[in-house]
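# Coordinates in review
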Amino acid sequence: MLRYEYELGRAADVLVRDLFRLQREETFVVTADTESDIRVVNATARAAFAVGAKPMVIWTASPLGVGKAADPMLPVDSLAGALIGADVWVEFNNQWLLYSTPYEIALQKNNRLRHLCLVGMTVDMMIRCIGRVDFEALTRFQQAFVTKLRAAAHIRVTTPGGTDVSFNHVADRPIRCRLGQAYRPGSEMLGGQISVAPDFGSIQGTIVFDGSLVPPVGLLEGPIRLDVDQGVIKQVEGGKQAKVFKKWLREFNDPQMFKLAHISYGFNPGAKLTGNILEDERVWGATEWGIGNVGPSLLPPDGISAPSHCDGICLNSSVWLDGKAVTKEGEVVDEDLFPMAEELMR
């Protein structure tokens, strides 16, 4: 018996039936690369076939980069063509297609496409972050958090690791409440994350990544400190991995790669720090900063294009909305949100 075989089957059923609400006769495309978990791919395709949909699995070689940096190693036209003809697309690629040219073409030309980004999904993560999550309780908690976030004008985030950064909220910008529900057209992410593009010019202070940074380094051996002025990274400090990161940014020769793209708040009760950024940025009480490309879902209508995108994790975050603490060192302390958080963490 394969490890977690029954639990994986249940998680695949939750994904297909509850999160996608997949229907009979729909074309269901699964994309994966040679670093993807074949058990996750096959379990999901099997669950899709069981509801009467038409699964199509596309395997590609693993690119040496993500986003548009993956384009040179992708069959761009063929991949985009398959996605243009699909009803539903789940992305299990380890080197993600999110923000790549096939992704952009598919979202532009296929207005019925339902996309869910589950990059690097493993059996263990699928069970913890999908199969064992109470998505109704998660929805209630995240929507309540978004209500508070939307009402705030000024936000400060601190961590025991040294982060101390402040910024202003832009009232009319979208707040992406990532519930993992992909039953409407558009691009969605794994549940347990809330993302927003702040007023970039107002971002001031210090950001210390102490969880992971993907790409280019993965799990961090030591902290990487960013000094930020008006949303632009002015200084990168730390050990060997900080040097790798700084070199990676410079090699794009694009000023947008030194600019912050979004902040995200992590609230998936099953997530843990593994080096897989999809999961890491949903670790309960963590904040995550995106750098580089800004997607149109966060900054309509077109976003801000850049050659690539990376995400860094700040663990055990304290979040202050207009001077009032909502979380302290990763734990929910707001009186309205606390009982909802308790329900989720049982």
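About the cut-offs
- Starting afresh in each chain, residues are numbered from 1 along the sequence in its written order.
- A pLDDT threshold of at least 70 governs which residues receive local features in this predicted model, and a stricter bar of 80 or more applies before side-chain atom pairs are shown or counted, although totals over entire chains, interfaces and linings include all residues.
- Hydrogens and water are ignored here; the side-chain numbers use all heavy atoms of the structure.
- Here a strand pair is declared whenever DSSP counts at least two bridges between the two strands.
- Strands here are runs of E lasting at least two residues and helices are runs of H or I lasting at least four, both read from the DSSP assignment and numbered beginning at the N terminus.
- Stacked, tilted and edge-to-face are the three classes assigned to paired rings of Phe, Tyr and Trp, where Trp is represented by its six-membered ring and a pair needs centres within 6.5 Å; plane angles under 30 degrees give stacked, over 60 edge-to-face, the rest tilted.
- The buried label applies to any residue whose accessible area, calculated with a 1.4 Å probe on protein chains only, is under 20% of its type's maximum; exposed applies above 50%, and partly exposed to all values in between.
- Here, two residues are considered to be in contact whenever any of their heavy atoms come within 4.5 Å of each other.
- The angle between two axes is taken between their N-to-C directions and runs from 0 to 180 degrees, where each axis is a line fitted to C-alpha atoms and a helix contributes only its stretch in contact.
- Counted as a polar contact is a pair of N or O atoms within 3.5 Å, where, for protein atoms, one must be capable of donating a hydrogen and the other of accepting one, and residues adjacent in sequence contribute only when both atoms are in side chains.
- Within this document, salt bridges are pairs made up of a side-chain nitrogen of Lys or Arg and a carboxyl oxygen of Asp or Glu, the two lying within 4 Å of each other.

Okay, the pairing of strand β14 (residues 232-238) next. Bridge analysis of strand β13 (residues 224-229) against β14 gives 6 bridges, and the strand direction is antiparallel. Bridge pairing in β14 places I224 opposite G238. If you look at the hairpin formed by β13 and β14, you'll find 2 residues sitting between the two strands, and Q230 has a positive phi there, around 55°.

This part takes up the packing of aromatic side chains. For any two aromatic rings, the description comes down to two numbers: the centre-to-centre distance and the angle of the planes. Taken as a whole and judged by the stated rule, the model has 11 aromatic pairs. Aromatic side chains F20 and F28 sit 5.6 Å apart centroid to centroid with 90° between the ring planes, which places their arrangement in the edge-to-face category. Residue class for F20 comes out buried when judged on its relative accessible area of 0%. Given a relative accessible area of 0%, F28 falls into the buried group.

Moving on: the environment of A82. Structurally, A82 is set in helix α3 (residues 76-84). Here the alpha-carbon distance between A82 and A106, two residues 24 residues apart in the chain, equals 8.7 Å. Among residues more than four places away in sequence, those in contact with A82 are V29, M56 and I58.

What follows concerns the environment of A197. Tracing the sequence through the fold places A197 in the loop between β9 (193-196) and β10 (204-209). Judged by its relative accessible area of 0%, A197 falls in the buried class. Sequence separation between A197 and Y183 is 14 residues, and the spatial gap between their C-alpha atoms is 24 Å. If we skip the residues at most four places from it in the chain, A197 touches R173, A261, H262 and L298.

Right, let's get into the sheet that holds β10. Read from one edge of the open sheet, 8 strands run β14-β13-β10-β6-β5-β18-β19-β20, paired in antiparallel fashion. Two strands lie at the open edges of the sheet, namely β14 and β20 (331-332), each paired on one side alone. In the packing of helix α7 (residues 240-251) onto the sheet, the strands contacted are β13 and β14, and the crossing angle to β14 comes to about 150°.

For the rest of this paragraph, the subject is the side chain of T327. Structurally, the position occupied by T327 is in strand β19 (residues 324-328). A distance of 3.0 Å separates the side chain of T327 from the backbone oxygen of S317, its partner in a polar contact. If sequence neighbours within four positions are ignored, T327 has contacts with F267, S317, S318, V319, V332 and V333.

So, on to the pattern of salt bridges. Summed over the entire model, instances satisfying the criterion amount to 20 salt bridges. A salt bridge links K247 to E251; the shortest N-O distance between them is 2.4 Å. In this pair, K247 and E251 are both assigned in helix α7, 4 residues apart and thus about one turn of the helix distant. A relative accessible area of 55% places E251 in the exposed class. A salt bridge links E281 to R282, with the shortest nitrogen-to-oxygen separation between them at 3.0 Å. For E281, a relative accessible area of 6% puts it in the buried group. Taken together, the shared-partner salt bridges in this structure form one network comprising K148, K324, D334, E335 and D336.

Without other data, these values stay purely geometric and don't point to any function.
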